[in-house]
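Below, each chain spelled out in residue letters.
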Amino acid sequence: MINDVRAIILAAGKSTRFKTKKSKLIHTICGQPMIVYPAKLLESLNIPITFVLGHQAENVKKAIEKSKTKSCDFVTQKELSGTGNAVSCTKETWDKNNLLILNGDTPLLTPDLIEITLKKHKDENADLTMLTTYMISPKGYGRVIKKNNQIKIIEDKNCTEEEKEINKVNTGIYLISKKFLEDNIDKIQKNSASGEFYLTDLVEMASKQNKKVLDVPVGYDFVRGVNTLEELWAAEQITRSQLMKRFMNNGVRFELAQNIHLDIDVEIGTGSFIATGVHLLKGAKIGEDCFVGAFSIIDNTTIGDDSKIYSHCVMQDTTIGSNAKIGPFARLRNNVILKDYVTIGNFVELKNTQIDEYSKAKHLTYLGDSRIGKHVNIGAGTITCNHDGINKNPTIIEDESYIGSNNTLVAPLKIEKNAYTAAGSTITHDVPKDTLAIGRSRQVNKNGYAKKLKNIKKKECEIDEIKAKIKNDEHEETQRINFVGAVKTKNKQETSL
Ligand code: UD1
Ligand code: CA
């Protein structure tokens, strides 16, 4: 392998065929922007990179910077006049004797392929090495044409009908000696049909100058270009399948694997079961022997071994210990920490809250900005009123406390160890340890009053019935009068005839 190489990634194009406002290079594949794929691959091989930016330069640059890829230089292509011009713009960064040029829209490349290319280029002392592939439907790709010992690339839109039948295509990945590039890059002529400077013209130029042109055929899937949303979908399917295969071979079971979404950096421990429709997003770390139920979304969240996440849970920025039970239909967000053996049931929302070992909040509850101790039971329908209209305030519930059902806990509030609150309470003051707090109006029983109410109701019903009857009688009488009137009129008409 050679070390004397710098990569140039072409990333200035307009993404016209994507038909979205956003540059295709920042659309994600398994949670990672497309442009970060070649960047990370080259970083893993210690190859410094020059990115050519143009269309939406700022956004593309931001995505690369966010990935923290080392050794990146940026060059701007002022006028987007083709791949030849794009490479020409990078001249100032050519500090190595070989330049590895690739398109930013080729996310499935592997390090092995690049290593093989570097080795072959060196072993064969080539001036220009290019990766080629075969496609059943090569539409859109440049065709590789070999004739009379000469090799050239003709772009799809410039192909004759006969050339369009050629299945061997250019992948857009080349390793070129700096010397050849320096001597030829500015000799590329503007293509008369498209008005662009085609980098691909260098192949014919090298061939005509009797330079050593090496053609390395590779499998199509590794060098797929992503020019449309359909191709993005296909590239993501392949990436996801590769991730899943790795997990499956490590003892992870996916139920209906085709309906599960995985981001590139997720972790899943051996023996875990991931049900259909689950989304494991960036930063999701699932322990061993866990269960993640259908349609749950796990985002930047760590789940300890042997925990069960039932269906339809949504969690972000959360850490869950081992042997926990969450959901179904639980929402955990913004810094939630649940220790081992915690149980969170249906329709419970937790925000910025820590709950210690063996505590439970099983039904219809909101706990925000709270710190809950061990062995605490939070009754159904408990709500922390953490926001007073201006500030967020904390609620502290210490070990072994018991919060009755339908409690309103008005923060700031501290419920000390082993305290109880009565069902239906509105708790506005701190509760000392071992104390029962009752925060509701006292119940009053009025003897016999229910019976009285019933009698009143009965009388009202009787009056209503009488009224209805009178109304009905009046209606019948009106109908009778109308009928008699009609008969009289009819008789009169008949006598006058
Ligand atoms: C290119 C090749 C084609 C090859 C295919 C493989 C050329 C002329 N054609 O076609 O032979 O089969 O890749 O995928 O090179 N870009 C710039 N500046 C520009 C134009 C494009 O930086 O002025 C960048 C784009 O952002 C993209 C890359 O160059 O990352 C390739 O451009 P694209 O328009 O996708 O070329 P293809 O038509 O796919
Ligand atoms: Ca392309």
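Worth saying up front: this structure is predicted, and the values here are computed from it rather than measured.

**Examining unusual backbone geometry**
No. 1: Following G327, the chain continues to P328 via a peptide bond in cis, the omega torsion being 5 degrees.
No. 2: Counting through the fold element by element, P328 comes out in the loop between β22 (325–326) and β23 (330–333).
No. 3: The omega torsion across A411 and P412 is 0 degrees, close enough to zero to call that bond cis.
No. 4: On the secondary structure map, P412 appears in the loop between β33 (408–410) and β34 (413–415).
No. 5: The backbone phi angle of N148 is positive, close to 45 degrees, even though this residue is not glycine.

**A word on the coordination of the calcium ion (ligand 2)**
No. 1: The protein atoms donating to the calcium ion (ligand 2) are D105 (OD) and N227 (OD1), with metal-donor distances spanning 2.3 to 2.5 Å. Within this pair, whereas D105 is found in the loop between β6 (98–103) and α4 (111–123), its partner N227 is found in the loop between β11 (213–217) and α8 (229–248), the two being separated by 122 residues in sequence.
No. 2: Taking the relative accessible area as the measure of exposure, D105 reaches 9% and is therefore buried.
No. 3: Residue class for N227 comes out buried when judged on its relative accessible area of 13%.

**Some points on the domain arrangement of the protein**
No. 1: The domain boundaries assigned to the protein delineate domain 1 (2–223), domain 2 (250–347) and domain 3 (352–462).
No. 2: Of note, the centres of domain 1 and domain 2, computed from C-alpha atoms alone, are 40 Å apart.
No. 3: Each side of the interface is counted separately: domain 1 has four residues, and domain 2 has four residues.
No. 4: For the domain 1 and domain 2 pair, buried surface summed over both sides reaches about 310 Å², with 61% attributable to carbon and sulfur atoms.
No. 5: Taken together, the connections running from domain 1 to domain 2 amount to zero salt bridges.
No. 6: Summed over the shared surface of domain 1 and domain 2, the result is two residue pairs in polar contact (both at pLDDT 80 or more).
No. 7: In the side of domain 1 that touches domain 2, the residues fall into two nonpolar, two polar and no charged.

**Side note on the site of ligand 1**
No. 1: Near ligand 1 you find 23 residues, and of these L10, G13, Q77, E155 and N170 are the closest.
No. 2: Within the backbone of G104, one N or O atom sits 3.2 Å away from an oxygen atom of ligand 1.
No. 3: The separation between an oxygen atom of ligand 1 and a polar main-chain atom of G142 is 2.9 Å.
No. 4: Look at ligand 1: alone it shows 760 Å² of surface, and the protein chains cover 90% of it.

**Concerning the pairing of strand β4 (residues 49–53)**
No. 1: The element β4 is largely enclosed, with a buried count of five among its five residues.
No. 2: Both β4 and strand β5 (residues 72–76) contribute to a ladder of five bridges, which runs parallel. When the bridges of β5 are listed, I49 appears paired with C72.
No. 3: One crossover worth recording links β4 to the parallel β5 by way of helix α2 (residues 57–66), and it is right-handed.

**What to know about the side chain of N407**
No. 1: Tracing the backbone through its elements, the reader meets N407 in the loop between β32 (402–403) and β33.
No. 2: There is a polar contact of 2.6 Å between the side chain of N407 and the side chain of T421.
No. 3: A polar atom in the side chain of N407 sits 2.9 Å from the backbone oxygen of A422.
No. 4: With near-sequence residues (within four places) excluded, N407 lies in contact with G381, T382, I383, T421, A422, A423, G424, S425 and I427.

**So, a negative patch on the surface**
No. 1: Where like charges cluster on the molecular surface, the negative patch consists of E288, D289, D305 and D306.
No. 2: Counting through the fold element by element, E288 comes out in the loop between β17 (285–286) and β18 (291–292).

Criteria and cut-off values
Residues numbered from 1 in each chain as written. Chains lettered and ligands numbered in written order. Predicted model: local features only at pLDDT ≥ 70, side-chain atom pairs only at ≥ 80, totals over all residues. Heavy atoms only, no water. Helix = DSSP H or I, 4+ residues; strand = E, 2+ residues; numbered from the N terminus. Donors = N, O, S within 2.8 Å, 3.2 Å for Na, K, Ca; no water. Buried < 20%, exposed > 50% of the residue type's maximum accessible area, 1.4 Å probe, protein only. Domains from an automatic or database assignment. Contact = heavy atoms within 4.5 Å. Buried area = accessible area lost by both parts, 1.4 Å probe. Salt bridge = Lys/Arg side-chain N within 4 Å of Asp/Glu carboxyl O. Polar contact = N/O pair within 3.5 Å; in protein donor to acceptor, adjacent residues only side chain to side chain. Nonpolar A, V, L, I, M, F, W, Y, C, P; charged D, E, K, R; others polar. Near = heavy atom within 4 Å. Areas by Shrake-Rupley, 256 points an atom, 1.4 Å probe, with all protein chains shown as cover. Pairing = 2+ DSSP bridges. Right-handed = clockwise from strand over helix to strand, strands pointing away. Patch = residues over 30% accessible without salt bridge, like charges linked within 9 Å, V, L, I, M, F, W, Y side chains within 5 Å. Lys, Arg positive; Asp, Glu negative; His and termini not counted. Charge placed at Lys NZ, Arg CZ, Asp CG, Glu CD.

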